[in-house]
Amino acid sequence: MKELSKYSDYLVYVSLVGLVLAAYGAFWGNDIWLAPTQWILVSAGVVTYAIYLKLSK
């Protein structure tokens, strides 16, 4: 499991991309594949898994 903990940083960045897509959809009105609230849920799930990987050393 030690080698999986290094991927937690990448998952945090993926979560931030999801939040950027949510903000873009919310403020400019253009949905990219999902609604903004769904992007927030995806980001929350990804960052939760990133925290799990970081703590599972």
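Higher on the page you've got the structure.
Definitions and limits used
Residues numbered from 1 in each chain as written. Predicted model: local features only at pLDDT ≥ 70, side-chain atom pairs only at ≥ 80, totals over all residues. Heavy atoms only, no water. Salt bridge = Lys/Arg side-chain N within 4 Å of Asp/Glu carboxyl O. Helix = DSSP H or I, 4+ residues; strand = E, 2+ residues; numbered from the N terminus. Buried < 20%, exposed > 50% of the residue type's maximum accessible area, 1.4 Å probe, protein only.

A few words now on the pattern of salt bridges. One pass over the full model with this rule turns up 1 salt bridge. For the salt bridge of aspartate 9 with lysine 54, the shortest nitrogen-to-oxygen distance reads 3.5 Å. Of the two residues, aspartate 9 sits in helix α1 (residues 8–28) while lysine 54 sits in helix α2 (residues 36–55), which places them 45 residues apart along the sequence. A relative accessible area of 38% means that aspartate 9 is categorised as partly exposed. We classify lysine 54 as partly exposed; its relative accessible area is 37%.

Interpretation in functional terms is not warranted from these geometric data alone.
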